[in-house]
Amino acid sequence: MTDAGATRPDAAAARLHVAAVCRALAADGLVKGTAGNVSVRVDGGIAITATGVVFADAVADDVVIVGDDRRLRHGILAPSTELDLHFAAYADDAVGAVVHTHAPAAVAVSLVSDRLPCVHYQQLTLGGEIEVVPFSVFGSRALADATGDALSSANAVILAHHGAVTTGRDLAEAVAHTTLLEWACDIYLRARAAGEPAELSPAQQADVIAAAVATGYGYKHEV
Ligand SMILES: [Zn+2]
C-alpha cells in the first residue's frame, strides 16, 4: 500500500470508532458473538478490542490502547488474544487499521483450498490471489508470523479453519476489504459447487491494473 502516515485518530476517538465498527460488522453478519477483533493505529500504539467483547454490543470501554511496547495505556480490560497478529500486520507502515473475523465464506474456502484464486477483477484491490495460511492455534506466535508474512504482499489473508484478516489505510478501508473478501469467497464457493472456477490470467490482471491507474477506478475523484 501507499499513502503512509494517514491522519491518526486520538485515543478517545479511536476507541469510539473501533466500537462502532464492531457493531457494524456484527450487524452485517461478518462477526457472530465475540469471534473477531479490530484495531486502528494511534500515535505510539494501537486501539484494539479487548478479549471477549460481544461485537453487537461493543462500546468505547471495550476498546483498549496498547503501546508499541505492548503495554496497556488506556482501558482496564485485557487486549485481544490476537494482539501479536495485529502488530504483525502493522509491520507495513502504510497499514492504519486491521480487521479480523471468522466470516463464514472465508472459513469455508480455507477448508477446500490453499488459496482464493483471482476470480473477479475487484479482488485486485486486495492483492489478487489471496493466500490461505495453514492452521495454527489462535493467539500463537506462529499464526501471527504467517499472517504478517502474507500481509506483506496483500491486503487480505485467509486463516485455515479460522477466519480472515484484512488491512487498510484506515478503518473504513479495512472493513471494506473484509466485505470484499467475503463476497469474493462466496462467488468462488458458488462456482466451485458447479464446476472448476476459471481465474483471471496474469495478463488480464495486468490490464485491469493499468486501466484502474489510468481512470482512478475505485476512488472518488473529480472529473
Ligand atoms: Zn480469530
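Everything numeric here is computed off the predicted structure, so don't read it as measured data. Throughout, residues of each chain are indexed from 1 in the direction in which the sequence is written. Two thresholds apply to this predicted model, a pLDDT of at least 70 for residue-level local features and 80 or more for giving and counting side-chain atom pairs, whereas whole-chain, interface and lining totals are computed over all residues. Side-chain measures were taken over the full set of non-hydrogen atoms in the model, leaving aside hydrogen atoms and water.

Caption draft 1: Region of the structure containing unusual backbone geometry. One non-glycine residue, Arg-70, lies in positive phi territory at about 70°. The helix and strand labels rest on DSSP assignments: H or I over at least four residues marks a helix, E over at least two residues marks a strand, and numbering proceeds from the N terminus. Locating Arg-70 in the fold gives a position in the loop between strand 3 (63-67) and strand 4 (72-74). Residue classification places Arg-70 among the partly exposed positions, given a relative accessible area of 38%. For His-161, which is not glycine, the phi torsion reads 55° and is therefore positive. Inspection of the secondary structure assignment puts His-161 in the loop between strand 8 (156-159) and strand 9 (163-168). Buried residues are those whose accessible area, probed at 1.4 Å on protein chains only, stays under 20% of the maximum for their type, while exposed residues exceed 50% and partly exposed ones sit between those limits.

Caption draft 2: Spotlight on the pattern of salt bridges. Criterion for a salt bridge: a side-chain nitrogen of Lys or Arg within 4 Å of a carboxyl oxygen of Asp or Glu. Under the defined criterion, the tally for this structure stands at eight salt bridges. Residue Glu-129 is joined to Arg-115 by a salt bridge in which the shortest nitrogen-to-oxygen separation is 2.5 Å. Highlighted residues: Glu-129 in the loop between strand 6 (115-116) and strand 7 (130-133) and Arg-115 in strand 6, separated in sequence by 14 residues. In this structure, Arg-115 and Glu-199 form a salt bridge, with 2.9 Å as the shortest nitrogen-oxygen distance. Placement of the pair is Arg-115 in strand 6 and Glu-199 in the loop between helix 5 (171-194) and helix 6 (202-215), with a sequence separation of 84 residues. Judged by relative accessible area, which is 39%, Glu-199 ranks as partly exposed.

Caption draft 3: Layout of the state of the cysteines. We call a pair of cysteine sulfur atoms a disulfide when they lie within 2.5 Å. A full pass over the atoms with the stated rule returns zero disulfides. Cysteine Cys-118 remains unbridged, with the sulfur of Cys-185 as its closest cysteine sulfur at 12 Å.

Caption draft 4: Spatial organisation of the sheet that holds strand 6. Strand order in this open sheet of nine strands is 4-3-2-1-5-9-8-7-6, and the pairing throughout is mixed. Looking at which strands have only one partner, the edges of the open sheet turn out to be strand 4 and strand 6. Pairing between strand 2 (residues 45-49) and strand 3: five bridges, direction antiparallel. Pairing of Ile-46 across the sheet is with Val-66, part of strand 3. It only takes one pair of heavy atoms within 4.5 Å for two residues to be counted as in contact. Axis definition: a line fitted to C-alpha atoms, limited for helices to the stretch in contact. Angles are taken between N-to-C directions and run from 0 to 180 degrees. Contacts from helix 5 reach strand 1 (36-42), strand 5 (97-101), strand 6, strand 7, strand 8 and strand 9 within the one sheet, and its direction differs from that of strand 9 by about 140°. A pair of strands is labelled paired if DSSP reports no fewer than 2 bridges between them.

Caption draft 5: Structural context of the UniProt feature "domain: Class II aldolase/adducin N-terminal" (unreviewed entry) in the chain. UniProt positions are given in the numbering used here, feature names are shortened, and annotations may be inferred rather than shown by experiment. In the UniProt entry, the feature "domain: Class II aldolase/adducin N-terminal" (unreviewed entry) is given for residues 16-189. Each end of residues 16-189 is marked by a C-alpha atom, and these two atoms are 35 Å apart; helix forms 33% of the span and strand 24%.

Caption draft 6: Just the pairing of strand 2, in detail. Judged by how many residues are buried, strand 2 sits mostly within the fold: five of five residues are covered. Across four bridges, the pairing between strand 1 and strand 2 is antiparallel. By the bridge assignment for strand 2, Val-40 is matched with Ala-47. Hairpin connection between strand 1 and strand 2: a loop of two residues separates the two successive antiparallel strands, and Gly-44 in this loop has a positive phi of roughly 80°.

Caption draft 7: Local environment of the coordination of the zinc ion. Donor atoms are limited to N, O and S found within 2.8 Å of the metal ion, a distance that becomes 3.2 Å for Na, K and Ca. With water left out, some sites might look partial. Surrounding the zinc ion are the protein donor atoms His-100 (NE2), His-102 (NE2) and His-162 (NE2), which sit 2.0 to 2.1 Å from the metal. Mapping the donors of the zinc ion onto the primary sequence gives the spacing H-x1-H-x59-H. One end of the pair, His-100, is in strand 5; the other, His-162, is in the loop between strand 8 and strand 9, with 62 residues separating them in the sequence. Residue class for His-100 comes out buried when judged on its relative accessible area of 1%.

Caption draft 8: Quick peek at the environment of Leu-83. Looking at the element boundaries, Leu-83 is found in helix 2 (residues 83-89). Residue class for Leu-83 comes out buried when judged on its relative accessible area of 13%.

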